2 protein chains.
Amino acid sequence: MYSSELIKGTLKTIVLKLLAEHKKMYGYEITQMVKEMTKDKIQITEGALYPTLHALEAEGILITETEFIGKRVRKYYSLSPEGKKLTKEKLSEFADFMNTMKFLLDIKPKQA
Amino acid sequence: MYSSELIKGTLKTIVLKLLAEHKKMYGYEITQMVKEMTKDKIQITEGALYPTLHALEAEGILITETEFIGKRVRKYYSLSPEGKKLTKEKLSEFADFMNTMKFLLDIKPKQA
DNA sequence: TCCAATACATAAGAAACCAATGTATGTGAA
DNA sequence: TTCACATACATTGGTTTCTTATGTATTGGA
């Protein structure tokens, strides 16, 4: 686990990228996928995720569709057209930011 | 300028790294150096910097010495032994974090 | 049957930052 | 010489964003 301050500000970008790759996902699935992909180094809490998803939906970035698995509700999120545009912007901004930080902190790239 | 959420959580790491490289620096100097090095992409505000410096000093991470330039006070900060240790940890954590994010967001490294 | 996992959600509070403001000195151009 | 800008410190109030805790309900496995 990273110190919590580091992860701040990256949640939105992570969510958007995952949705861009997987078309549609539900909240719990997102938390589990991030946990797996990062080998528990990044854990998205539900208290952080759900409010973010709701906010992005309210902004028209995400679209939802509800599905019933037995009696249990599952709420799928996917990117709206504006969402796809925003995702590209966020990702390129993040890549730029990482290069800037790498330069600023003089971090050597890992051997490929 | 990056969207402000991105920069969150990186301030402490940036300050520690700059102090490790330059032995001693004062607050205003730090803001200007970051501004220059990042070509205005990252601007550290004084409202964020000074409280951080004070906190790090209170924790024993930073040591201060005051100097007078004419009638004007200048407060130099440098790393304590604990500060040097913490800096190494923070930098390696950040490097690790960047690799994790690069993988998660599937970001291709820039050509050298 | 009962605990863990699945799956949603909210609410209270903390952490970290931003914007604004304040004080004071030094400096260069009109 | 005066006035705007740069240097250099600092604090305060508010916002954003996340954490911790809690709540509800269903489902699956030991």
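None of these values were measured; they are calculated from a predicted model. The written sequence of each chain sets the order in which its residues are numbered from 1. Both sets of labels track the order of writing: A upward for chains, 1 upward for ligands. Whole-chain, interface and lining totals are the exception, using all residues; otherwise, since this is a predicted model, local features are given only for residues with pLDDT of at least 70 and side-chain atom pairs are given and counted only at 80 or more. Note that water and hydrogens are dropped before the side-chain values are worked out from all heavy atoms of the structure.

S.K.: Explanation requested: the interface of chain A and chain B in the structure shown.
M.R.: Accessible area lost when the parts come together is the quantity often used to give the size of an interface. Residues count as neighbours in contact if any of their non-hydrogen atoms are within 4.5 Å of one another. Listed per partner, the contact involves 35 residues of chain A and 35 residues of chain B. Summed over both partners, the accessible area lost on bringing two parts together, with a 1.4 Å probe, is the buried area. Across the chain A/chain B interface, buried area totals approximately 3,500 Å², and carbon plus sulfur atoms make up 70% of it. Salt bridge, as used here, is a side-chain nitrogen of Lys or Arg placed within 4 Å of a carboxyl oxygen of Asp or Glu. Linking chain A with chain B are 6 salt bridges. By the criterion applied in these results, polar contacts are pairs of N or O atoms within 3.5 Å in which, for protein atoms, one can donate a hydrogen and the other can accept it, and in which residues neighboring in sequence qualify only through two side-chain atoms. Applying the counting rule to chain A against chain B returns 10 residue pairs in polar contact (both at pLDDT 80 or more). For the side of chain A that touches chain B, the secondary structure elements donating two or more residues are helix H1 (4-7), helix H2 (11-22), helix H3 (27-37) and helix H5 (81-105) of chain A. The helix count covers DSSP runs of H or I at least four residues long, the strand count covers runs of E at least two residues long, and both are numbered beginning at the N terminus.

S.K.: Just checking my understanding: could you explain the pattern of salt bridges for this structure?
M.R.: Pairing between side chains becomes possible if they bear opposite charge and their charged atoms approach one another. Tallying each qualifying case throughout the model produces 12 salt bridges over all chains. The shortest N-O distance in the salt bridge between Glu21 of chain A and Lys17 of chain A comes to 3.0 Å. Of this pair, Glu21 of chain A and Lys17 of chain A both sit in helix H2, 4 residues apart, which is roughly one turn of that helix. A residue is classified by how much of its surface remains accessible, and Lys17 of chain A, at 10% relative accessible area, is buried. Among the salt bridges present, the one from Glu5 of chain B reaches Lys90 of chain A, with a minimum N-O distance of 2.8 Å. Of the two residues, Glu5 of chain B sits in helix H1 (residues 4-7) while Lys90 of chain A sits in helix H5, which places them in two different chains. Take Glu5 of chain B: its relative accessible area is 23%, and that puts it in the partly exposed class. Among the ionic contacts, a cluster of salt bridges with common partners joins Glu5 of chain A together with Lys12 and Lys90 of chain B. Think of it in three bands: residues with accessible area under 20% of the maximum for their type are buried, residues over 50% are exposed, and the middle band is partly exposed, with areas taken using a 1.4 Å probe on protein chains only.

S.K.: Help me understand the protein's contact with DNA strand C, please; the structure alone is not making it clear to me.
M.R.: Being near a molecule or strand, for a residue, means having at least one of its heavy atoms within 4 Å of it. Neighbouring DNA strand C are 23 residues, the closest being Tyr28, Tyr50, Arg72 and Arg74 of chain A together with Arg72 of chain B. Sugar and phosphate atoms constitute 73% of the interface atoms of DNA strand C, taking the interface as everything within 4 Å of the protein. At 2.3 Å, a side-chain N or O of Arg74 of chain A approaches a phosphate oxygen of DNA strand C. Only H3, helix H4 (46-58) and strand S3 (72-79) of chain A together with helix H4 (46-58) of chain B provide two or more residues apiece to the surface near DNA strand C. Take the surface near DNA strand C: its biggest share by element is 5 residues, from H4 of chain A. Think of it as three bins: nonpolar holds Ala, Val, Leu, Ile, Met, Phe, Trp, Tyr, Cys and Pro, charged holds Asp, Glu, Lys and Arg, and polar takes everything else, Gly as well. Looking at the surface near DNA strand C residue by residue, the class counts come to 7 nonpolar, 7 polar and 9 charged.

S.K.: Sorry if this is basic, but what is going on with the environment of Ala20 of chain B here?
M.R.: Residue and element names in this part refer to chain B. Along the chain, Ala20 turns up in helix H2 (residues 11-22). By relative accessible area, Ala20 is classed as partly exposed at 30%. Taking C-alpha positions, Ala20 is 7.6 Å from Thr87, a pair spaced 67 residues apart along the chain.

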